[in-house]
There are 2 protein chains.
Amino acid sequence: MESITTSSYAVHFNQLAYDAINAHLRATPYSKIFVLVDENTKRDCLGNFKNMVSDSSDYEILEIPSGEVNKTIETCIRLWEELSERNADRKSLLINLGGGVITDLGGFVASTFKRGIAFINVPTTLLAMVDASVGGKTGVDLGALKNQVGVINQPEMVLVISEFLKTLDQRQLKSGFAEMLKHGLIRDSGYWEVLKSNSDFSDIDRLIYTSVKIKNEVVLQDPTEQHLRKILNFGHTLGHAVESYFLENESLETLLHGEAIAIGMILEGYLSKELTGLPEADLEDIKAVFLNRYPKTKFSEADIETILSLLKFDKKNSHGDINFVLLDKIGKPVIDVKIPPKLFRSAFAYYSEA
Amino acid sequence: MESITTSSYAVHFNQLAYDAINAHLRATPYSKIFVLVDENTKRDCLGNFKNMVSDSSDYEILEIPSGEVNKTIETCIRLWEELSERNADRKSLLINLGGGVITDLGGFVASTFKRGIAFINVPTTLLAMVDASVGGKTGVDLGALKNQVGVINQPEMVLVISEFLKTLDQRQLKSGFAEMLKHGLIRDSGYWEVLKSNSDFSDIDRLIYTSVKIKNEVVLQDPTEQHLRKILNFGHTLGHAVESYFLENESLETLLHGEAIAIGMILEGYLSKELTGLPEADLEDIKAVFLNRYPKTKFSEADIETILSLLKFDKKNSHGDINFVLLDKIGKPVIDVKIPPKLFRSAFAYYSEA
């Protein structure tokens, strides 16, 4: 599969990815190479990765515990200190081998260590392959606030190696698939139809490629999220608030990112029907697809109040307004829509009804 | 005094600075404006600043304790949280009103909050006016390691208001003057002569202007410090190690930055005489000027060992080598010089001898 070139780097696929990194390493005299992993990617991916990369025997391994709860500044402090102690310098390279936590956090650590060292992202989850692989967003959470601290900075390259998907369970694959369904909803109704009828992740390489291409087209036109790029936030404004709420409450089971934005897309689909003319049939289609694939969650009145109070911290807001991306129809987004507050409760009621 | 334009923003002086910020604020619809101060600039500078800026009555004040020991990630975490709680959003502005700690740390906090909000630097110390005002370096210390975490990012503008120098004592003024003397040593022997004969900070506006111009010329030619910009590090490789050592040892009185790099410039002057042909008379001139203006510090053998061990963490190093900027003669620097280790001890001996 041919490589996709972004504004400043390329996303390479499978065997071509290994060819690309080997050529890059031959051409670039890094002083030291570090690989950031968690316990899962250390066990399941690191060996295969090192086997395919030349001269990888003296890579130094940095390990952090897996999970969104560790995507914090405290984890960054540990890594900055460890890089210092191991004599990382400005000519060192950090390879981030893992899911979105590893690529977001590792990208931030690299972008800020000694005012920035080079990094390469090797996403190992479906979610990270189709989402974090393009756009240069790095960051960590601040308490319940997702990605509150970070920078926009580009990796040297991104390697999408679909073999790593074999290490994932169905729940994680489905979580990534939610972002792909979003790509259909905001950009390409034909792609939405293709994804809808795919229940076994067949032909996944081709689908990943389509999703990366869609995201890249959007980001290239608006790298700093002034207008078009906002469409990627469909389902995320309420979805992030739901995700933060579940993350903060230790008594609740954690929702995966895709599970949270699946809820967010139903909720924001409802708002779209009310405010931007999404046809009722499209809304029913969206609700059926997501409830068919993702577990339905119960929300009490108190849950909903707390989730709505988290909305005001969303990064996309300004001047006190909460801006939503809604749909005009499937494949056609509308940006910067303000929502009458009472509609939020109706949206949750719609989500919860049978 | 006319404004100096850098790659992406302008440094404005005195009354023109107020005109520039007022025009900028009229033209830019910020959602909220925050001013970062410490207890000194809150007391001595904030009132005057707000008096000169239109519609400044509803600015929100963020305060941190003064001093290099507070230039930490922990202080950043407090500020990120405070910005979140006070509903700062992506269209908010942060004005950094203070010395180098405020502008370095405030620039980093703004550059990373929600992946970057706008900031304006208003340096209030001589050191920050001539040094931090150009170049876009932001950052904080990591334990004893100065500026180990940060990014390169540009403010909207920099305002140099020399009236604020009246709030400084002689020791702080002298500290800033050391960076100006450095500008002469690395770029302009005539300017060095002018500064040498200035013992009362007369005509300081014109001297600040010259220093900002010199630094800007250097940074414009090499924003990412691949070659020419390294000359700004003269005196800083050993100077930073000395500064870190004094900062970490609570039993020692803290050295101001200028006092530490004054020592660093004598030490690196000595290395220049040994390695790059700096004439003996120039070295004696450098030593006399700095010892005449800055206190002479005693170093034990153990002090020197520890200081040298800190060298390896310097950001300018790569591949395990320690790279120095030395002088060929006054006004003519040489970059990327490697030092035989035994010369370090001779340099300290030269500094210490009568």
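Per an unreviewed UniProt entry, the recorded name for chain A is 3-dehydroquinate synthase, and the organism is Pricia mediterranea. Per UniProt, chain A has the following entry under Function (unreviewed entry): "Catalyzes the conversion of 3-deoxy-D-arabino-heptulosonate 7-phosphate (DAHP) to dehydroquinate (DHQ)."

## Structural notes on the environment of Asp 200 of chain B
All names here are of chain B. Within the element layout of this structure, Asp 200 appears in the loop between helix H8 (189–196) and helix H9 (204–221). Taking the C-alpha atoms as reference, Asp 200 lies 10.0 Å from Leu 173; in sequence the two are 27 residues apart. A polar contact is formed between the side chain of Asp 200 and the side chain of Ser 202, at a distance of 2.9 Å.

## What to know about the environment of Tyr 191 of chain A
Residues and elements named next belong to chain A. Checked against the element boundaries, Tyr 191 lands in helix H8 (residues 189–196). When the C-alpha positions of Tyr 191 and Thr 28 are compared, they lie 39 Å apart, and in sequence the two are 163 residues distant. Those residues in contact with Tyr 191, other than ones at most four positions away along the chain, are Met 180, His 183, Gly 184, Leu 207, Thr 210, Ser 211 and Ile 214.

## Focus on the interface of chain B and chain A
Counting from both sides, the interface comprises 42 residues of chain B and, opposite them, 42 residues of chain A. Surface buried jointly by chain B and chain A totals about 3,300 Å² across both partners, of which 56% is contributed by carbon and sulfur atoms. Linking chain B to chain A there are 2 salt bridges. Across the pair Arg 90 of chain A and Glu 225 of chain B runs a salt bridge, and its minimum N-O distance is 3.5 Å. Our count for the contact surface shared by chain B and chain A stands at 10 residue pairs in polar contact (both at pLDDT 80 or more). Those elements that provide at least two residues to the side of chain B that touches chain A are helix H4 (73–85), helix H5 (100–112) and strand S8 (145–149) of chain B.

## Notes on the pairing of strand S2 (residues 10–13) of chain A
Within a regular strand, the side chains alternate between the two sheet faces. All names here are of chain A. Side chains Ala 10 and His 12 of S2 all project onto a buried face; the interleaved residues Val 11 and Phe 13 project onto the opposite face, where all are buried too. As paired strands, strand S1 (residues 4–5) and S2 are joined by 2 bridges and run antiparallel to one another. Paired with Thr 5 across the strands is Ala 10, a residue of S2. Two successive antiparallel strands, S1 and S2, enclose a turn made up of 4 residues. By the bridge criterion, 4 bridges tie S2 to strand S9 (residues 157–160) in an arrangement that is parallel.

## Describing the pairing of strand S3 (residues 33–37) of chain A
Residue and element names in this part refer to chain A. With 5 of its 5 residues buried, S3 lies for the most part within the structure. The pairing of S3 with strand S5 (residues 93–98) spans 4 bridges and is classified as parallel. Of the residues in S5, the one forming a bridge with Leu 36 is Asn 96. Judged from the 4 bridges that link them, S3 and strand S4 (residues 60–63) form a sheet pairing that is parallel. Within S4, the position partnered with Phe 34 by the bridge is Glu 60.

## A look at the state of the cysteines
Applying the stated criterion to the full structure yields 0 disulfides over all chains. Its sulfur unpaired, Cys 76 of chain A is 12 Å from the next cysteine sulfur, which belongs to Cys 76 of chain B. Look at Cys 76 of chain A and you get buried, because its relative accessible area is 0%.

## A look at the packing of aromatic side chains
For the structure shown, the criterion picks out 24 aromatic pairs over all chains. Between the aromatic rings of Phe 13 of chain B and Tyr 209 of chain B, the centroid separation amounts to 5.3 Å while the plane-to-plane angle is 55 degrees, which identifies the pairing as tilted. Taken together, the positions of Phe 13 of chain B in strand S2 (residues 10–13) and Tyr 209 of chain B in helix H9 put the pair 196 residues apart, joining distant regions of the chain. Of the two residues, Phe 13 of chain B and Tyr 209 of chain B, both sit in the buried class. Here the aromatic residues Tyr 245, Phe 246, Phe 299, Phe 348 and Tyr 351 of chain A are joined through ring pairs into a cluster of three or more. Its guanidinium or amino end placed over the ring of Tyr 350 of chain A, Lys 287 of chain A lies 4.1 Å from that ring's centre, counting from NZ or CZ.

## As for the relation of the copies chain B and chain A
Between the two copies, chain B and chain A, the superposition gives an RMSD of 0.0 Å; the rotation angle is 180 degrees and the shift along the axis is 0.0 Å. The relationship between the two copies is best expressed as a two-fold rotation axis. In this assembly, 100% of the residues forming the interface of chain B have copies in chain A that are likewise at the interface, indicating an isologous arrangement.

## A word on the pattern of salt bridges
Residues and elements named next belong to chain B. By the definition in use, this model includes 41 salt bridges over all chains. Across the pair Lys 137 and Glu 225 runs a salt bridge whose closest N-O atoms are separated by 2.8 Å. Residue Lys 137 is located in the loop between helix H6 (126–132) and strand S7 (140–142), and its partner Glu 225 is located in the loop between H9 and helix H10 (236–248); the two are separated by 88 residues in the primary sequence.

## Let's talk about the side chain of Arg 293 of chain A
Within the element layout of this structure, Arg 293 of chain A appears in helix H12 (residues 280–293). Of the buried charged residues, Arg 293 of chain A lacks a salt bridge, with Asp 200 of chain A as the closest side chain of opposite charge at 8.2 Å.

## What about the nonpolar core?
Core analysis: the largest hydrophobic core is formed by 100 residues, its most contacted members being Phe 49, Ile 95, Met 180, Ile 208, Leu 271 and Phe 290 of chain B. Ranked by the residues each element gives to this core, the list is headed by helix H11 (residues 257–275) of chain B, at 9 residues. For this core, the two domains that each supply at least three residues are domain 1 (4–167) and domain 2 (170–352) of chain B. Residues within four places of Ile 95 of chain B in sequence aside, it is in contact with Ile 21, Ile 33, Phe 34, Val 35, Leu 36, Phe 49, Tyr 59, Ile 120 and Val 122 of chain B. Membership of the second largest hydrophobic core comes to 99 residues, among which are Tyr 191, Leu 271, Phe 324 and Ile 330 of chain A.

## Digging into helix H5 (residues 100–112) of chain A
Residue and element names in this part refer to chain A. Helix length check: H5, at 13 residues, gives a terminal C-alpha distance of 18 Å against a target of 18 Å (1.5 Å per residue), a fit within 8%. Counting buried positions over the 13 residues of H5 gives 12, a clear majority of the element. Where H5 terminates, the next one or two residues include Lys 114, which has phi positive at roughly 50 degrees.

## Some remarks on the packing of helix H7 (residues 170–187) of chain B against H9 of chain B
Residues and elements named next belong to chain B. Viewed as axis vectors pointing N to C, H7 and H9 meet at an angle of 55 degrees, and their least axial separation amounts to 10 Å. Relative to H9, the element H7 lies oblique. Of the two possible hands of crossing, H7 and H9 adopt the one that is left-handed. Contacts between H7 and H9 involve Phe 177, Met 180, His 183 and Arg 187 on the former and, on the latter, Ile 204, Leu 207, Ile 208, Ser 211, Ile 214, Lys 215, Glu 217, Val 218 and Gln 221. Partitioning the contact of H7 with H9 into residue classes produces 7 nonpolar, 3 polar and 3 charged.

So, how was this worked out
- Residues numbered from 1 in each chain as written.
- Chains lettered and ligands numbered in written order.
- Predicted model: local features only at pLDDT ≥ 70, side-chain atom pairs only at ≥ 80, totals over all residues.
- Heavy atoms only, no water.
- UniProt positions renumbered as here; feature names shortened; annotations may be inferred.
- Helix = DSSP H or I, 4+ residues; strand = E, 2+ residues; numbered from the N terminus.
- Polar contact = N/O pair within 3.5 Å; in protein donor to acceptor, adjacent residues only side chain to side chain.
- Contact = heavy atoms within 4.5 Å.
- Buried area = accessible area lost by both parts, 1.4 Å probe.
- Salt bridge = Lys/Arg side-chain N within 4 Å of Asp/Glu carboxyl O.
- Buried < 20%, exposed > 50% of the residue type's maximum accessible area, 1.4 Å probe, protein only.
- Pairing = 2+ DSSP bridges.
- Disulfide = S-S within 2.5 Å.
- Phe/Tyr/Trp six-rings, centres within 6.5 Å; stacked < 30°, edge-to-face > 60°.
- Lys NZ or Arg CZ within 6 Å of the ring centre and 35° of its normal.
- Least-squares fit on C-alpha atoms with pLDDT ≥ 70 in both.
- Lys, Arg positive; Asp, Glu negative; His and termini not counted.
- Core = buried A, V, L, I, M, F, W, Y, C linked by side-chain atoms within 4.5 Å.
- Domains from an automatic or database assignment.
- Expected span 1.5 Å × (residues − 1).
- Axes fitted to C-alpha atoms, helices over the stretch in contact; angles between N-to-C directions.
- Parallel < 35°, antiparallel > 145°, perpendicular 65-115°, else oblique.
- Left-handed = near helix turned anticlockwise from the far one by under 90°.
- Nonpolar A, V, L, I, M, F, W, Y, C, P; charged D, E, K, R; others polar.

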